[in-house]
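Listed below, chain by chain, are the residues.
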Amino acid sequence: TGIQIYDDAYYAQKAKEILDSGSFWDITFAGTPAFDNPPLPFWFTALAFSVFGVSTYSAIFSSALFGTGIIFMTYRLSLLLFKDYWVAFASAFVLLFPGMFVDASRRSMVDIPLAFFVTLAFYAFFKARDLKPWYLIFGLATACAILTKSVLGLFPLTIVGAFLIFSRQWREFINPWFLSGCLIALLLGFSWHLINWQHYGQGFINAHFGSLIFNRSFGGIKSPFYFLGYAEDFLRNYWPWLPFALLGLTQFGKRGFIEKDRISLLLFLWPVLTFLVMSMTKNQVLRYLFMMFPALAIITAKTFSEWLGPDNKNRALAIM
(Lines give C-alpha, C1' and ligand atoms only; values in the text may rest on other atoms or scores of the structure.)
Protein backbone atom coordinates (compact mmCIF):
# COMPACT_ATOMS: atom_id res chain seq x y z
CA THR A 1 0.00 0.00 0.00
CA GLY A 2 3.02 2.32 0.02
CA ILE A 3 4.27 4.45 2.90
CA GLN A 4 1.34 6.04 4.71
CA ILE A 5 3.17 8.46 7.07
CA TYR A 6 4.61 11.71 5.71
CA ASP A 7 7.90 11.66 7.67
CA ASP A 8 8.64 8.11 6.52
CA ALA A 9 7.98 9.01 2.90
CA TYR A 10 10.05 12.19 3.26
CA TYR A 11 13.12 10.25 4.44
CA ALA A 12 12.60 7.47 1.88
CA GLN A 13 12.46 10.05 -0.93
CA LYS A 14 15.78 11.52 0.20
CA ALA A 15 17.34 8.05 0.03
CA LYS A 16 15.85 7.47 -3.41
CA GLU A 17 17.40 10.71 -4.67
CA ILE A 18 20.80 9.64 -3.28
CA LEU A 19 20.42 6.41 -5.26
CA ASP A 20 19.40 8.26 -8.42
CA SER A 21 22.08 10.98 -8.21
CA GLY A 22 24.95 8.97 -6.78
CA SER A 23 25.79 11.97 -4.56
CA PHE A 24 26.46 10.93 -0.98
CA TRP A 25 27.04 14.36 0.58
CA ASP A 26 24.52 16.61 -1.17
CA ILE A 27 21.17 15.54 0.28
CA THR A 28 18.17 16.72 -1.73
CA PHE A 29 14.40 16.50 -1.53
CA ALA A 30 12.53 16.94 -4.81
CA GLY A 31 15.84 18.06 -6.27
CA THR A 32 16.31 20.90 -3.77
CA PRO A 33 19.19 20.82 -1.22
CA ALA A 34 17.91 19.68 2.18
CA PHE A 35 19.96 20.65 5.24
CA ASP A 36 17.81 19.23 8.02
CA ASN A 37 19.24 15.70 8.33
CA PRO A 38 22.74 14.22 8.10
CA PRO A 39 23.02 11.45 5.51
CA LEU A 40 23.98 8.18 7.24
CA PRO A 41 20.46 6.66 7.59
CA PHE A 42 19.72 7.60 3.97
CA TRP A 43 22.89 5.84 2.84
CA PHE A 44 21.65 2.61 4.41
CA THR A 45 18.20 3.04 2.87
CA ALA A 46 19.72 3.80 -0.54
CA LEU A 47 21.79 0.62 -0.20
CA ALA A 48 18.61 -1.35 0.55
CA PHE A 49 16.97 0.25 -2.51
CA SER A 50 19.90 -0.84 -4.66
CA VAL A 51 19.66 -4.43 -3.38
CA PHE A 52 15.90 -5.02 -3.10
CA GLY A 53 14.54 -2.31 -5.40
CA VAL A 54 12.67 0.84 -4.40
CA SER A 55 9.78 -0.32 -2.21
CA THR A 56 8.20 0.05 1.22
CA TYR A 57 10.10 -3.06 2.32
CA SER A 58 13.42 -1.54 1.32
CA ALA A 59 12.55 1.79 2.96
CA ILE A 60 12.08 0.20 6.41
CA PHE A 61 14.65 -2.59 6.05
CA SER A 62 17.62 -0.81 7.64
CA SER A 63 15.52 0.62 10.48
CA ALA A 64 14.19 -2.85 11.29
CA LEU A 65 17.74 -4.21 11.16
CA PHE A 66 18.96 -1.52 13.58
CA GLY A 67 15.97 -2.20 15.86
CA THR A 68 16.95 -5.85 16.00
CA GLY A 69 20.54 -4.76 16.65
CA ILE A 70 19.46 -2.62 19.62
CA ILE A 71 17.77 -5.63 21.23
CA PHE A 72 20.94 -7.67 20.73
CA MET A 73 23.24 -4.86 21.97
CA THR A 74 21.08 -4.35 25.08
CA TYR A 75 21.35 -8.05 25.85
CA ARG A 76 25.13 -8.03 25.33
CA LEU A 77 25.65 -4.83 27.34
CA SER A 78 23.63 -6.13 30.28
CA LEU A 79 25.55 -9.41 30.18
CA LEU A 80 28.85 -7.52 30.06
CA LEU A 81 27.94 -5.43 33.11
CA PHE A 82 26.28 -7.98 35.40
CA LYS A 83 27.35 -11.42 34.09
CA ASP A 84 23.74 -12.55 34.62
CA TYR A 85 21.86 -14.24 31.78
CA TRP A 86 18.48 -13.68 33.45
CA VAL A 87 19.06 -9.93 33.69
CA ALA A 88 20.35 -9.86 30.12
CA PHE A 89 17.31 -11.68 28.74
CA ALA A 90 14.92 -9.59 30.84
CA SER A 91 16.60 -6.38 29.62
CA ALA A 92 15.96 -7.32 26.00
CA PHE A 93 12.39 -8.31 26.87
CA VAL A 94 11.65 -5.04 28.66
CA LEU A 95 12.99 -3.07 25.70
CA LEU A 96 10.53 -4.79 23.35
CA PHE A 97 7.57 -3.50 25.34
CA PRO A 98 5.74 -1.16 25.22
CA GLY A 99 5.19 -1.71 21.54
CA MET A 100 6.14 1.80 20.40
CA PHE A 101 9.76 0.65 20.13
CA VAL A 102 8.78 -2.18 17.78
CA ASP A 103 6.47 0.15 15.85
CA ALA A 104 9.25 2.70 15.39
CA SER A 105 11.60 -0.04 14.18
CA ARG A 106 9.16 -0.74 11.34
CA ARG A 107 9.21 2.84 10.10
CA SER A 108 11.59 4.67 7.79
CA MET A 109 12.78 7.07 10.51
CA VAL A 110 16.16 8.06 11.97
CA ASP A 111 15.46 7.59 15.70
CA ILE A 112 16.10 3.85 15.77
CA PRO A 113 19.49 4.12 13.98
CA LEU A 114 20.42 6.87 16.45
CA ALA A 115 19.47 4.66 19.40
CA PHE A 116 21.57 1.82 17.96
CA PHE A 117 24.73 3.88 17.61
CA VAL A 118 24.28 5.45 21.06
CA THR A 119 23.90 1.98 22.59
CA LEU A 120 26.94 0.74 20.68
CA ALA A 121 28.93 3.74 21.92
CA PHE A 122 28.19 2.95 25.56
CA TYR A 123 28.92 -0.74 25.02
CA ALA A 124 32.31 0.21 23.57
CA PHE A 125 32.97 2.59 26.46
CA PHE A 126 32.35 -0.15 29.02
CA LYS A 127 34.58 -2.53 27.04
CA ALA A 128 37.31 0.14 27.04
CA ARG A 129 37.68 -0.26 30.80
CA ASP A 130 39.72 -3.38 30.08
CA LEU A 131 40.78 -2.88 26.45
CA LYS A 132 41.59 0.75 25.69
CA PRO A 133 41.43 0.37 21.85
CA TRP A 134 37.66 0.05 22.30
CA TYR A 135 37.72 3.84 22.71
CA LEU A 136 38.16 3.97 18.93
CA ILE A 137 34.90 2.02 18.50
CA PHE A 138 33.32 4.41 21.00
CA GLY A 139 34.41 7.33 18.84
CA LEU A 140 33.28 5.68 15.61
CA ALA A 141 29.85 4.84 17.05
CA THR A 142 29.46 8.42 18.31
CA ALA A 143 30.47 9.73 14.89
CA CYS A 144 27.77 7.56 13.31
CA ALA A 145 25.27 8.92 15.84
CA ILE A 146 26.18 12.49 14.83
CA LEU A 147 25.94 11.55 11.14
CA THR A 148 22.49 10.16 11.93
CA LYS A 149 20.87 13.01 13.88
CA SER A 150 23.40 15.84 14.14
CA VAL A 151 23.91 17.35 17.61
CA LEU A 152 21.72 14.70 19.28
CA GLY A 153 24.51 12.28 18.47
CA LEU A 154 26.73 14.13 20.95
CA PHE A 155 24.97 12.54 23.93
CA PRO A 156 27.52 9.71 24.36
CA LEU A 157 30.40 12.23 24.59
CA THR A 158 28.43 14.49 26.93
CA ILE A 159 27.30 11.72 29.26
CA VAL A 160 30.72 10.04 29.35
CA GLY A 161 32.32 13.41 30.12
CA ALA A 162 29.91 13.95 33.02
CA PHE A 163 30.55 10.38 34.20
CA LEU A 164 34.33 10.85 34.25
CA ILE A 165 33.92 14.08 36.21
CA PHE A 166 31.50 12.65 38.79
CA SER A 167 33.62 9.49 39.20
CA ARG A 168 36.79 11.60 39.46
CA GLN A 169 38.59 9.76 36.67
CA TRP A 170 40.60 12.82 35.65
CA ARG A 171 43.44 10.87 34.05
CA GLU A 172 41.07 9.30 31.56
CA PHE A 173 40.61 12.69 29.90
CA ILE A 174 44.25 12.63 28.77
CA ASN A 175 44.31 8.94 27.85
CA PRO A 176 45.58 8.83 24.22
CA TRP A 177 43.01 6.19 23.27
CA PHE A 178 40.16 8.25 24.74
CA LEU A 179 41.38 11.42 23.04
CA SER A 180 41.67 9.57 19.74
CA GLY A 181 38.12 8.32 20.11
CA CYS A 182 36.86 11.84 20.79
CA LEU A 183 38.68 13.18 17.73
CA ILE A 184 37.18 10.44 15.56
CA ALA A 185 33.73 11.28 16.92
CA LEU A 186 34.00 15.00 16.22
CA LEU A 187 35.93 15.02 12.94
CA LEU A 188 34.12 12.15 11.27
CA GLY A 189 30.79 12.97 12.88
CA PHE A 190 30.74 16.55 11.63
CA SER A 191 32.27 15.75 8.24
CA TRP A 192 28.91 16.25 6.48
CA HIS A 193 28.47 19.59 8.23
CA LEU A 194 31.96 20.73 7.17
CA ILE A 195 31.49 19.66 3.56
CA ASN A 196 28.13 21.42 3.26
CA TRP A 197 29.46 24.52 5.03
CA GLN A 198 32.30 24.69 2.50
CA HIS A 199 29.87 24.27 -0.37
CA TYR A 200 26.92 26.40 0.77
CA GLY A 201 28.58 28.73 3.30
CA GLN A 202 26.61 30.60 5.93
CA GLY A 203 23.34 29.56 4.33
CA PHE A 204 23.90 26.00 5.48
CA ILE A 205 24.78 27.12 9.04
CA ASN A 206 21.68 29.32 9.25
CA ALA A 207 19.40 26.59 7.91
CA HIS A 208 20.75 23.60 9.82
CA PHE A 209 21.75 25.06 13.20
CA GLY A 210 19.46 28.09 13.16
CA SER A 211 16.10 27.30 11.62
CA LEU A 212 16.12 23.51 11.94
CA ILE A 213 17.76 22.97 15.32
CA PHE A 214 17.49 26.12 17.44
CA ASN A 215 14.06 27.29 16.27
CA ARG A 216 12.53 23.81 16.44
CA SER A 217 13.97 23.25 19.90
CA PHE A 218 13.58 26.63 21.58
CA GLY A 219 11.75 29.05 19.30
CA GLY A 220 8.24 30.24 20.11
CA ILE A 221 7.87 28.52 23.49
CA LYS A 222 4.59 29.68 25.01
CA SER A 223 3.60 27.34 27.85
CA PRO A 224 5.69 27.74 31.04
CA PHE A 225 5.24 24.02 31.72
CA TYR A 226 6.44 22.76 28.35
CA PHE A 227 9.34 20.97 30.07
CA LEU A 228 6.86 18.49 31.60
CA GLY A 229 5.91 17.14 28.18
CA TYR A 230 8.18 14.11 28.28
CA ALA A 231 7.16 13.32 31.87
CA GLU A 232 3.54 13.28 30.72
CA ASP A 233 4.45 11.01 27.79
CA PHE A 234 6.11 8.50 30.11
CA LEU A 235 3.16 8.60 32.50
CA ARG A 236 0.90 7.77 29.59
CA ASN A 237 2.99 5.27 27.66
CA TYR A 238 5.75 3.58 29.69
CA TRP A 239 3.69 0.89 31.37
CA PRO A 240 4.00 -1.53 33.10
CA TRP A 241 7.66 -0.63 33.64
CA LEU A 242 7.40 2.98 34.88
CA PRO A 243 7.26 2.31 38.67
CA PHE A 244 10.11 -0.20 38.49
CA ALA A 245 12.19 2.09 36.27
CA LEU A 246 11.76 4.98 38.74
CA LEU A 247 12.61 2.73 41.69
CA GLY A 248 15.64 1.40 39.81
CA LEU A 249 16.84 4.89 38.90
CA THR A 250 16.66 5.86 42.57
CA GLN A 251 18.67 2.81 43.60
CA PHE A 252 21.23 3.23 40.82
CA GLY A 253 21.63 6.92 41.63
CA LYS A 254 22.26 6.08 45.28
CA ARG A 255 24.81 3.40 44.40
CA GLY A 256 26.50 5.67 41.89
CA PHE A 257 26.85 8.83 43.97
CA ILE A 258 26.94 7.49 47.53
CA GLU A 259 28.44 4.02 47.16
CA LYS A 260 30.70 5.11 44.26
CA ASP A 261 29.66 2.23 42.01
CA ARG A 262 30.75 3.29 38.54
CA ILE A 263 28.48 0.98 36.55
CA SER A 264 25.45 2.25 38.45
CA LEU A 265 26.59 5.85 37.99
CA LEU A 266 26.88 5.65 34.21
CA LEU A 267 23.62 3.73 33.82
CA PHE A 268 21.96 6.44 35.96
CA LEU A 269 23.46 9.36 34.01
CA TRP A 270 22.62 7.88 30.61
CA PRO A 271 18.79 8.21 30.87
CA VAL A 272 18.64 11.06 33.40
CA LEU A 273 20.86 13.51 31.51
CA THR A 274 19.19 12.60 28.23
CA PHE A 275 15.75 13.18 29.74
CA LEU A 276 16.68 16.48 31.39
CA VAL A 277 18.38 17.95 28.32
CA MET A 278 15.63 16.88 25.93
CA SER A 279 12.94 18.18 28.30
CA MET A 280 14.39 21.67 27.81
CA THR A 281 13.46 21.56 24.12
CA LYS A 282 10.12 22.58 22.66
CA ASN A 283 9.58 19.84 20.08
CA GLN A 284 9.01 16.86 22.38
CA VAL A 285 8.29 13.54 20.68
CA LEU A 286 8.79 10.36 22.69
CA ARG A 287 10.71 8.59 19.93
CA TYR A 288 13.46 11.21 20.36
CA LEU A 289 14.22 9.51 23.70
CA PHE A 290 14.62 5.99 22.29
CA MET A 291 18.37 6.40 22.78
CA MET A 292 17.85 6.11 26.56
CA PHE A 293 15.44 3.15 26.43
CA PRO A 294 18.22 0.48 26.54
CA ALA A 295 19.52 1.94 29.81
CA LEU A 296 16.01 2.04 31.28
CA ALA A 297 15.49 -1.58 30.20
CA ILE A 298 18.71 -2.71 31.90
CA ILE A 299 17.90 -0.76 35.08
CA THR A 300 14.36 -2.18 35.17
CA ALA A 301 15.55 -5.76 34.58
CA LYS A 302 18.22 -5.48 37.29
CA THR A 303 15.64 -4.08 39.71
CA PHE A 304 13.30 -6.98 38.95
CA SER A 305 16.14 -9.45 39.44
CA GLU A 306 16.93 -8.12 42.91
CA TRP A 307 13.25 -7.99 43.86
CA LEU A 308 12.26 -11.50 42.71
CA GLY A 309 13.50 -14.65 44.39
CA PRO A 310 14.91 -17.59 42.40
CA ASP A 311 11.54 -19.35 42.08
CA ASN A 312 9.73 -16.21 40.99
CA LYS A 313 12.50 -15.43 38.50
CA ASN A 314 12.00 -18.84 36.91
CA ARG A 315 8.25 -18.24 36.68
CA ALA A 316 8.83 -14.80 35.20
CA LEU A 317 11.25 -16.29 32.67
CA ALA A 318 8.61 -18.80 31.58
CA ILE A 319 6.08 -15.98 31.11
CA MET A 320 8.55 -13.93 29.10
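The structure displayed is predicted, hence computed values, not measured ones.

**Observations regarding the side chain of D8**
Point 1. Secondary-structure assignment places D8 in helix α1 (residues 6-21).
Point 2. Ignoring anything within four residues of it in the chain, the contact list for D8 reads I3, R107, S108 and M109.

**Section: the packing of helix α13 (residues 242-257) against helix α14 (residues 262-279)**
Relative placement of two packed helices is described by the angle separating their axes and the distance separating the axes.
Point 1. In contact at an axis separation of 7 Å, α13 and α14 are set at 130 degrees when each is read in the N-to-C sense. Between α13 and α14, the interaxial angle falls into the category oblique. Once α13 is placed against α14, the crossing between them reads as left-handed. Along the contact surface, α13 presents L249, F252, G253, R255, G256 and F257, while α14 presents S264, L265, L267, F268, L269, P271 and V272.

**A few points about the side chain of S191**
Point 1. When you line up the elements, S191 lands in helix α10 (residues 191-200).
Point 2. Classification of S191 as buried rests on a relative accessible area of 14%.
Point 3. Apart from the residues within four sequence positions on either side, S191 is in contact with W25 and L147.

**Focus on the nonpolar core**
Point 1. Counting 95 residues, the largest nonpolar core has F234, Y238, L267 and W270 as the members making the most contacts within it.
Point 2. Ranked by the residues each element gives to this core, the list is headed by helix α6 (residues 111-127), at 13 residues.
Point 3. Every residue in contact with L267, bar those within four places of it in the chain, is listed here: L81, F82, F252, A295, I298 and I299.

Rules of the game
Residues numbered from 1 in each chain as written. Predicted model: local features only at pLDDT ≥ 70, side-chain atom pairs only at ≥ 80, totals over all residues. Heavy atoms only, no water. Helix = DSSP H or I, 4+ residues; strand = E, 2+ residues; numbered from the N terminus. Contact = heavy atoms within 4.5 Å. Axes fitted to C-alpha atoms, helices over the stretch in contact; angles between N-to-C directions. Parallel < 35°, antiparallel > 145°, perpendicular 65-115°, else oblique. Left-handed = near helix turned anticlockwise from the far one by under 90°. Buried < 20%, exposed > 50% of the residue type's maximum accessible area, 1.4 Å probe, protein only. Core = buried A, V, L, I, M, F, W, Y, C linked by side-chain atoms within 4.5 Å.

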